[in-house]
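Chain by chain, the residues run as shown.
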Amino acid sequence: LLLLFTVLFLVLEARLFYLQIVRGADFRERARISVINEVRIPPRRGRIRDRRGKILATNQPVYRLTLTPHFMGEQAAAVVERLSVLLQWTRERQVEVMAKITDAVEHNRRWDPIAISGLLHADTCPEDGTPLVLAKEVQREIFCRSDGRRLHPIDPKATYCPHDRGRLAWANDANIEATCKKCGRAFVTDGRCHGSPDPDDAVVVEHNLQCEVSKRHVSNQVASLQAHLYELPGVDLHTDFHRVYPYKYEAAHLLGYINRVTAEDREKHPGVYALHDRIGRTGVEQALESTLRGKSGKALYVKDASGRQHHDPDLEGVLGSESFVAAEPGHDVWLSLDIELQREVRAAFRYYKSGAGIVLDPRTGEILALYSKPGFDPNEWSVGLSKASWDEINANPYTPLINKALTAYAPGSVYKLVSAVAALEQSVVVPDTTIECVGFYEFGGRRFHCHNRSGHGHVNLVEAIKHSCDVYFYKVGEMLGMKRLAQYGHLFGFGEPTGISIRERVGRVPTKAWHAENTTLGWQPGLTLSTSIGQGSLTATTLQVARAYGAVANGGDLLDTQLVREITDGDGEMVRPFKPRLVRELNVSPQALSLVREGFVRVVNDIDGSAYDSALDAVVMAGKTGTAEAAQVRAGATAELATWLKEDHAWFSAYAPAEDPQVVVVAFLEHGGWGSKVAAPVVSRILKSWLRLGLYEPPVDEESPPGETR
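Residues numbered from 1 in each chain as written. Predicted model: local features only at pLDDT ≥ 70, side-chain atom pairs only at ≥ 80, totals over all residues. Heavy atoms only, no water.

> How should I be thinking about the state of the cysteines in this particular structure?
One pass over the structure, following the stated rule, counts two disulfides. Note that Cys125 is cross-linked by a disulfide to Cys211, the S-S spacing being 2.2 Å. Here the disulfide of Cys125 and Cys211 is right-handed, its torsion about the S-S bond being about 95°. Pair noted here: Cys125 is in the loop between strand 4 (114–120) and strand 5 (133–144) and Cys211 is in the loop between strand 10 (202–210) and strand 11 (217–218), with a separation of 86 residues, a long-range link. Judged by relative accessible area, which is 1%, Cys125 ranks as buried. Linked covalently through their sulfurs, Cys144 and Cys193 form a disulfide whose S-S length is 2.1 Å. Residues Cys144 and Cys193 are joined through a disulfide that is left-handed, its torsion about the S-S bond being -95°. On the criterion of sequence distance, the pair formed by Cys144 in strand 5 and Cys193 in the loop between strand 9 (186–188) and strand 10 is long-range, its members being 49 residues apart. (Disulfide = S-S within 2.5 Å. Helix = DSSP H or I, 4+ residues; strand = E, 2+ residues; numbered from the N terminus. Buried < 20%, exposed > 50% of the residue type's maximum accessible area, 1.4 Å probe, protein only.)

> Hey, could you run me through the environment of Thr66 in this one?
As for its placement among the helices and strands, Thr66 is situated in strand 3 (residues 55–67). Sequence-wise, Thr66 and Glu340 are 274 residues apart; in three dimensions their C-alpha atoms are separated by 42 Å. Those residues in contact with Thr66, other than ones at most four positions away along the chain, are Pro113, Ile114, Ala115, Gly234, Val235, Asp236 and His238. (Contact = heavy atoms within 4.5 Å.)

> What should I look at first to understand the side chain of Ser372 in this one?
Turning to its location among the elements, Ser372 is positioned in strand 20 (residues 367–373). For Ser372, a relative accessible area of 3% gives the class buried. A distance of 3.3 Å separates the side chain of Ser372 from the backbone oxygen of Ile402, its partner in a polar contact. A polar contact is formed between the side chain of Ser372 and the backbone nitrogen of Lys404, at a distance of 2.8 Å. Those residues within four positions of Ser372 in sequence are excluded, and the remaining contacts are His253, Gly355, Ala356, Ile402, Asn403, Lys404 and Ala405. (Polar contact = N/O pair within 3.5 Å; in protein donor to acceptor, adjacent residues only side chain to side chain.)

> Can you walk me through the pattern of salt bridges in this structure?
Side chains that carry opposite charge are capable of pairing whenever their charged atoms lie near each other. Under the defined criterion, the tally for this structure stands at 41 salt bridges. Asp332 serves as the salt-bridge partner of Arg49, at 3.9 Å between the closest nitrogen and oxygen. Placement of the pair is Arg49 in strand 2 (residues 48–49) and Asp332 in strand 18 (residues 332–335), with a sequence separation of 283 residues. Residue Arg49 is classed as buried on the basis of its relative accessible area, which comes to 16%. Between Asp147 and Arg149 there is a salt bridge, with the nearest N and O atoms lying 2.8 Å from each other. (Salt bridge = Lys/Arg side-chain N within 4 Å of Asp/Glu carboxyl O.)

> Mind showing me how you'd approach the sheet that holds strand 19 (residues 355–360) here?
For sheets, the rule is that strands pair by backbone hydrogen bonds, running either parallel or antiparallel. Taking strand neighbours across the sheet as the criterion, the five strands line up as 20-19-31-30-29 in an open arrangement whose pairing is antiparallel. One side of each edge strand has no neighbouring strand; the edge strands of this open sheet are strand 20 and strand 29 (622–628). Adjacent strand axes in the sheet meet at a mean angle of 5°, parallel and antiparallel pairs treated alike. Note: strand 30 (residues 649–656) against strand 31 (residues 663–669), seven bridges, orientation antiparallel. Bridge pairing links Trp651 to Phe668 in strand 31. (Pairing = 2+ DSSP bridges. Axes fitted to C-alpha atoms, helices over the stretch in contact; angles between N-to-C directions.)

> What exactly am I supposed to notice about the packing of helix 15 (residues 416–425) against helix 17 (residues 470–480) here?
Between two packed helices, both the angle of their axes relative to each other and the distance between the axes serve to describe the pair. The geometry of helix 15 relative to helix 17 is characterised by a closest axis approach of 10 Å and an angle of 55° between their N-to-C directions. Judged by the angle between their axes, helix 15 and helix 17 are oblique. Of the two elements, helix 15 crosses helix 17, and the hand of that crossing is left-handed. Across from Lys416, Ser419, Ala420, Ala422 and Ala423 in helix 15, the residues of helix 17 making contact are Asp470, Phe473, Val476 and Leu480. (Parallel < 35°, antiparallel > 145°, perpendicular 65-115°, else oblique. Left-handed = near helix turned anticlockwise from the far one by under 90°.)

> Quick question: what am I supposed to make of the confidence of the model for the chain here?
In low-pLDDT regions, the fine details of the predicted coordinates are not to be read closely. Scored by pLDDT, the chain has a mean of 89; 93% of the residues are at 70 or more. Across residues 706–710, where pLDDT falls below 50, the model places eight contacts with residues more than four positions away in sequence or in other chains. (pLDDT = per-residue confidence, 0-100.)

> What is the right way to read helix 4 (residues 76–86) from this model?
Think of an α-helix as turning once every 3.6 residues; residues three or four places apart then point the same way. Considered for burial, the residues of helix 4 that qualify are Ala76, Val79, Val80, Leu83, Ser84 and Leu86. The arc that holds the buried residues of helix 4, viewed along the axis, is 165°, so those residues lie on one side. Where the residues of helix 4 are buried, they touch strand 3, helix 3 (69–72), helix 5 (91–106), helix 6 (221–226) and strand 12 (235–244). Remark: Gln88 follows helix 4 within two positions and exhibits a positive phi of approximately 55°. (Arc of directions from axis to C-beta.)

> How do you make sense of the sheet that holds strand 8 (residues 177–180) when you look at a structure like this?
Judged by pairing direction, the sheet is mixed, and its seven strands sit side by side in the order 7-8-9-6-5-10-11 without closing on themselves. Each end of this open sheet is capped by a strand with a single partner; those strands are strand 7 (168–170) and strand 11. Relative to strand 9, strand 6 (residues 150–153) runs parallel, the two sharing three bridges. Each bridged residue has a counterpart across the sheet, and for Leu151 the counterpart in strand 9 is Ala186.

> Got a minute to help me understand the nonpolar core in this structure?
The tendency in soluble globular proteins is for nonpolar side chains to be buried as a group. Counting residues in each nonpolar core, the largest one holds 131 residues, and the members touching the most others are Leu335, Tyr472 and Phe652. Tyr63, Leu87, Trp89 and Val222 belong to the second largest nonpolar core, which has 22 residues in total. (Core = buried A, V, L, I, M, F, W, Y, C linked by side-chain atoms within 4.5 Å.)

> Please clarify how the side chain of Asp332 should be interpreted in this entry.
Residue classification places Asp332 among the buried residues on the basis of a relative accessible area of 2%. A polar contact of 2.9 Å, which involves the side chain of Asp332, links it to the backbone nitrogen of Arg47. Ignoring sequence-local partners within four residues, the contact set of Asp332 consists of Arg44, Gly46, Arg47, Arg49, Glu566, Ile567 and Thr568.

> In this structure, what is going on with unusual backbone geometry? I would like to understand it.
For the peptide bond that leads from Lys373 to Pro374, omega is -5°, which places it in the cis range. With respect to the helices and strands, the residue Pro374 is situated in the loop between strand 20 and helix 13 (378–383). Residue Pro657 follows Ala656 across a cis peptide bond; omega there is -15°. Topologically, Pro657 is positioned in the loop between strand 30 and strand 31.

> For this particular structure, what's the right way to read a nonpolar patch on the surface?
Residues Leu1, Leu4, Phe5 and Leu8 make up a contiguous nonpolar surface patch of roughly 500 Å² in combined accessible area. Mapped onto the elements, Leu4 comes out in helix 1 (residues 2–22). (Patch = residues over 30% accessible without salt bridge, like charges linked within 9 Å, V, L, I, M, F, W, Y side chains within 5 Å. Areas by Shrake-Rupley, 256 points an atom, 1.4 Å probe, with all protein chains shown as cover.)

> Is there a simple way to explain helix 18 (residues 482–491) in this structure?
When helix 18 is considered as a whole, its buried residues turn out to be Met482, Leu485, Ala486, Tyr488, Gly489 and Leu491. The inward-facing, buried residues of helix 18 contact helix 15, helix 17, helix 19 (512–518), helix 20 (526–532), strand 25 (557–559) and strand 28 (582–585). Following helix 18 by one or two positions, Gly493 has its phi on the positive side, about 90°.

> What exactly am I supposed to notice about the packing of helix 15 against helix 22 (residues 590–605) here?
Following both chains from N to C, one finds helix 15 and helix 22 inclined at 145°, their axes separated by 9 Å at the closest point. Crossing of helix 15 over helix 22 shows right-handed handedness. Along its contact with helix 15, which presents Leu417, Ala420, Val421, Leu424 and Glu425, the element helix 22 presents Ala592, Leu595, Val596 and Phe600. Grouping the constituent residues of the contact of helix 15 with helix 22 by class yields eight nonpolar, no polar and one charged. (Nonpolar A, V, L, I, M, F, W, Y, C, P; charged D, E, K, R; others polar.)

Take a look at the structure:
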């Protein structure tokens, strides 16, 4: 037993000698390690581009600050004081941060990092995300920690503001404090924050960087903080990505926006999103969320007792082989959109309060432009909308959050396309059939008026389309009946999805059964007449109208509309192409389509056509006007809003060139007035822009050598 205990004691002594003497330094270092941390590496969200590769949505690195109370220990107050100087915090915010640290310690959350709100400036402009440039001169300002004022040094003899040459207003005869009447900047001559009892209130800040566009001076807060991290225990910088939309209002509804995930999102997608991740909420961002979001990675590292990241090759065994897993970036999405054309569409709507515009290629179904007014800035929504901005949007009576291009409204006379084709195909009229319009049509003891109260006289189908004669189509609707009108409405894609990737309304093609079940008065025979001219309970989206006219323009093929062209990976390699999709052939006789197309040409190009004033010189445009009754009364409306609500909806749908259609353009002006006077000129301006941008493909002259066009 003595021998056995002696051997065991010697083994223990040898082990202690090995641990304390041979490997003593190594294990003393390991003893200093407090914790192994796992950091989630956020993936780069896929970019969104237009058809030419221009960036519509991209990512900007942003930096956030966290504080871990355990590592700050007794130095917490000193660390927060130092941060308040480096980052120009007000005294109020400094007290607020200290309160969070104290609360975490008291409630046993010392190890939980405290996220400090607000993004830090780095090497990009906080206004537009563009790279900062070195300023020609360093700009100094005095930050007052007591009230957050920012004062600029100035000569006491100065008369004008150095920023915009506005006249200075001095506070008193001592010429110590001044303000600029033009830009509102405040100035001080002695570098002090007057009115504050705190001698350390003023912090001198030097800005050596500048935004290239706005010329605003800023400093690199991240670089400044990184240089002082060694003296700030428990302070960590985290890199994330901030979504940036360079074109802002041009394509807000189409692109959508992202914002913070909710508990419901995380429950629905377990293991996919972290607490502070962002998710697509509307538009392309939502529809292609799984394609754009990517896959997060992770990195393991150790922290010492001060909370600082520890680098030591000998500790790789502690972390293991899985200490770093790279994040997988999301795929890039290329849209069929042409952003330059989109900007021109927006410009064409600049004089109107609300509406939508569509530009569509009838040969492929590709959407070249999709605009809705009024819009919003998706950049604000993606970083977190302020209460002031939300109140402004919520109070806007013209509903900026609604995508008017994909919301259903009464289409008015642009829907006469359906009635005309149905009448010809069902042989209720022939090309020479004439109907007399005396300004109204007597039906069921009621007069259904034409928009021309004087009447159009005897008109055939082409003339009825040219003049948009309601009486002609009342009679056609009566002869067709509700059932056949509904069948042809569905044939042209009304009342069904258009195939676009983002959320849309499908509108309504009413039937007798629908009226019987959903209206107070039930089915009434006169409803057929209203439907035949695009009124009553019939509703359609601007995109559905564009697709229907595209089917006429391309000779009878109803195509799904296409917004996404292709998806590529980070190296630019194609992952998935998107090709035109045929929904169905209309199987309408060429004679019927030809007759309707003739009517559309005469609408614009005959001197007595309803849209003659909007004809183009460069190409022959064909189209159809529409004016839908839509008068409303809204409680509490201002006089201006009440006047706007009394107006009808204005429509115009067109394609060009008439002989070889390459583009369909539809304009919808909510409560805009007459389609011929309001919507048709908008379409004309858009088509002129389409021509000016070089999107028109001139026909090849067969007599010209190969490669030449006329």
